[in-house]
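Examination of the molecular architecture
Here's the letter readout for the chains.
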Amino acid sequence: MALDISAYDAALKEVYEKTIIQLLNSRTVTRNKFKKEAGSWEGRVVRYPLNVGRNQGTMFTSENGTLPDAGNQTYVEHQIPIRYAHGRIQLSIQVIKHSRSNKGAFKRAMDQEMQGVVRDLSNKLNRVMFGWGSGVLALVNEATPSGNTTLILDAPGGVAGATNGARWLQTGMKIHFVNPGTGLLRSGAARNITAISSDGTNVTVDAAPDASTADNDYIVQAAKLSTATLGDTSYNKESMGLLGLVDDGDFVTTLHNVNRTTYPIFNSVNVASVGPLSADILQRGLDVADQIGEGAVQFFICHHSVRRAYLTLMEVDRRYSGGDLRAPDAGTKAAKMKDITFGDMPWNVDKDAPYGTLFGIDPMHFTRWSEVEGEWADDDGTILLRLVDVDAYEARYRVFENFSLDRPAGCVRWDGITSNVVVAHIN
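**Here's the deal with the overall build of the protein chain**
Summing up its helical and strand segments, the protein chain has 6 helices and 20 strands in all. Evaluated residue by residue, the protein chain yields a buried proportion of 43% over its 427 residues. Expressed as a percentage of contacts within the protein chain between residues at least 6 apart in sequence, the contacts between residues at least 24 apart total 74%. Of the roughly 23,000 Å² of accessible surface on the protein chain, 50% is carried by carbon and sulfur atoms.

Below you can see the structure in the form of structure tokens.
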């Protein structure tokens, strides 16, 4: 009888190639574009004055006419609070020992977890760049959510729209619900997400929400399943992002101590309800930013779907040709994720940008205030901390920072852009 695979199976080896392959998209396009303030930031709040009003004691007069009353410049104090972001890992001594060499594992578990949490926190910081500091991940989209464990959602990131409401939620994430009218946490403990629908319309949680949970409640991240207090959630604890900085009061009425109703000069140019894009709409926003805020927009930031809407705008004027006319190319530089332009200003796309929104950015007046750029907690001389009662260790990574924009009127935001969004859940 001839020797076959089944008979020789015990003598065959399994070949392990390469190493651990990362499948997660962790590009942080937008956060890397804003300069860090030189020097250290210590203390609780950064403070400095802004000149927000002119001296109105100026006028033309007649000969021997009455002079105007003396006026003065108007100032308001800019106050930028610090925000704290943390990542945490725990490993048993067994997994540390078993994976300490190439013989036992593809990579050391400690290295993998430490590198992974840094990458994951960086990814979250980039998502936060497009928020307004609220920590809102989505809104409840049903009248009686307490009835079952499947939650219908909309408004990803708190931005109006029914598409992909579960965009920023992840399996294993702990969430809680905040009453938008009062800013108070709903009753009961947090819930754990166990599944996310492929169309992004709903998530499954481990237990039905409390009966107090209602339609349009904010969904925020919770620290633990036992969380029952607002202080143990992410609500109003995130760094200030572009929706709050480049805004005219839609998301943030008082930005870093400056009331935008009292001081309208602190509003950005906001072109609302755009619909289909046009060159005139884009130029209109740029023109107003130049008039009000001396805006010198250097680049645009948007989601991929908004860039496609812009490419569609130019479709009728595009000519398809190539070196060999038998093989025309209908694409653009965007096919290779390279920048396209409007008036020589590049369009940057970011996976975390809100749908239907385009930002025109003058980076000159943006600042990233950083107290802790990114470090492992080792204040007592060691990164690894022993856990009580178990043979295991943990480590903590942290970033302390916030963002400011001194001249919001020099930037532009276009909202409500008609675009074709392909639902893609990013892990």
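**A short note on the environment of Leu153**
Along the chain, Leu153 turns up in strand 5 (residues 150-154). Judged by relative accessible area, which is 2%, Leu153 ranks as buried. Sequence separation of Leu153 and Ala138 is 15 residues, and the distance between their C-alpha atoms is 6.5 Å. Those residues in contact with Leu153 that lie beyond four places of it in its chain are Ala138, Leu139, Val140, Asn141, Gly165, Ala166, Leu169, Thr201, Asn202, Val203 and Ile219.

**Considering the pattern of salt bridges**
As enumerated under the stated definition, the model contains 15 salt bridges in all. Residues Arg127 and Glu238 are paired through a salt bridge, measuring 3.1 Å at the closest nitrogen-oxygen approach. With Arg127 in helix 3 (residues 109-128) and Glu238 in the loop between strand 9 (218-221) and helix 4 (242-245), this pair connects stretches of sequence that are 111 residues apart. Note that Arg396 and Glu394 form a salt bridge whose closest N and O atoms lie 2.6 Å from each other. Taking the relative accessible area as the measure of exposure, Arg396 reaches 37% and is therefore partly exposed. Residue Glu394 is classed as buried on the basis of its relative accessible area, which comes to 2%. Taken together, the shared-partner salt bridges connect Asp247, Asp250, Arg260, Arg413 and Asp415 into one network.

**Comments concerning the packing of aromatic side chains**
According to the stated counting rule, one finds 11 aromatic pairs in the structure shown. Ring geometry for Phe300 and Trp414: centres 5.9 Å apart, planes at 50°, overall tilted. Linking Phe300 in strand 13 (residues 299-302) with Trp414 in strand 20 (residues 412-414), this pair joins segments that are 114 residues apart in sequence. Phe300 sits in the buried class, given a relative accessible area of 0%. Geometry around Tyr355 places Arg167 over its ring, the cationic atom sitting 4.1 Å from the centre.

**Here we look at the pairing of strand 13**
Residue alternation in strand 13 divides its side chains into two sets, Phe299 and Ile301 and Phe300 and Cys302, and both sets are buried. Where strand 13 lies against strand 16 (residues 358-361), 4 bridges are found, and the strand directions are antiparallel. Bridge pairing in strand 16 places Phe300 opposite Gly360. Here strand 13 pairs with strand 15 (residues 345-349) via 3 bridges, running parallel. Among the inter-strand pairings, Cys302 is bridged to a residue of strand 15, identified as Val349.

**A word on the sheet that holds strand 7 (residues 191-196)**
In spatial order, the strands read 4-5-8-7-6-9; together these 6 strands close into a barrel with antiparallel pairing. On average, adjacent strands in this sheet sit at an angle of 50° to one another, irrespective of strand direction.

**A closer look at the side chain of Asp217**
Considering the arrangement of structural elements, one finds Asp217 in the loop between strand 8 (202-205) and strand 9. Once residues lying within four places of it in the same chain are set aside, the contact partners of Asp217 are Ala138, Leu139, Val140, Phe177, Val178, Asn179, Pro180, Arg186 and Ser212.

**Details of the side chain of Thr213**
Looking at the element boundaries, Thr213 is found in the loop between strand 8 and strand 9. According to the relative accessible area criterion, Thr213 is buried, its value standing at 4%. The residues touching Thr213, leaving out its near neighbours within four places in the chain, are Val140, Pro145, Phe177 and Arg186.

**Points about the sheet that holds strand 14 (residues 340-342)**
The strand order across the open sheet formed by 6 strands is 12-20-16-13-15-14, and the pairing between neighbours is mixed. Unpaired on one side and paired on the other, strand 12 (269-271) and strand 14 mark the two borders of the sheet. On average, adjacent strands in this sheet sit at an angle of 25° to one another, irrespective of strand direction. In the packing of helix 5 (residues 279-293) onto the sheet, the strands contacted are strand 12, strand 13, strand 14, strand 15, strand 16 and strand 20, and the crossing angle to strand 20 comes to about 150°.

**Concerning the nonpolar core**
Ranked by size, the top nonpolar core spans 37 residues in total, and within it Leu242, Val246, Phe359, Ile361 and Phe366 carry the most contacts. Contributions of two or more residues to this core are made by strand 1 (45-53), strand 2 (74-81), helix 4, strand 13, strand 16, strand 17 (366-376) and strand 19 (392-405). The dominant element in this core, judged by the number of residues it contributes, is strand 1, at 4 residues. Excluding residues within four positions of it along the chain, Leu242 makes contact with Thr30, Phe34, Met129, Phe130, Gly131, Ile301, Phe359, Ile361 and Phe366. Among the nonpolar cores identified, the runner-up in size contains 25 residues, and Leu277, Ala334, Phe342 and Trp347 belong to it.

**Description of unusual backbone geometry**
With phi around 50°, Ser273 is a residue other than glycine that occupies positive phi space. You can see Ser273 is positioned in the loop between strand 12 and helix 5. Ser273 sits in the exposed class, given a relative accessible area of 67%. Positive phi, normally seen in glycine, also occurs at Asp389, with a value near 75°. Take Asp389: its relative accessible area is 78%, and that puts it in the exposed class.

**A word on the environment of Ser92**
Examined against the element boundaries, Ser92 turns out to sit in strand 3 (residues 83-92). Taking C-alpha positions, Ser92 is 6.2 Å from Asp391, a pair spaced 299 residues apart along the chain. Sequence-distant contacts of Ser92, that is, excluding residues within four places in its chain, are made with Asp391 and Ala392. A polar atom in the side chain of Ser92 sits 3.3 Å from the backbone nitrogen of Val95.

What counts, and at which threshold
- Residues numbered from 1 in each chain as written.
- Predicted model: local features only at pLDDT ≥ 70, side-chain atom pairs only at ≥ 80, totals over all residues.
- Heavy atoms only, no water.
- Helix = DSSP H or I, 4+ residues; strand = E, 2+ residues; numbered from the N terminus.
- Buried < 20%, exposed > 50% of the residue type's maximum accessible area, 1.4 Å probe, protein only.
- Contact = heavy atoms within 4.5 Å.
- Areas by Shrake-Rupley, 256 points an atom, 1.4 Å probe, with all protein chains shown as cover.
- Salt bridge = Lys/Arg side-chain N within 4 Å of Asp/Glu carboxyl O.
- Phe/Tyr/Trp six-rings, centres within 6.5 Å; stacked < 30°, edge-to-face > 60°.
- Lys NZ or Arg CZ within 6 Å of the ring centre and 35° of its normal.
- Pairing = 2+ DSSP bridges.
- Axes fitted to C-alpha atoms, helices over the stretch in contact; angles between N-to-C directions.
- Core = buried A, V, L, I, M, F, W, Y, C linked by side-chain atoms within 4.5 Å.
- Polar contact = N/O pair within 3.5 Å; in protein donor to acceptor, adjacent residues only side chain to side chain.

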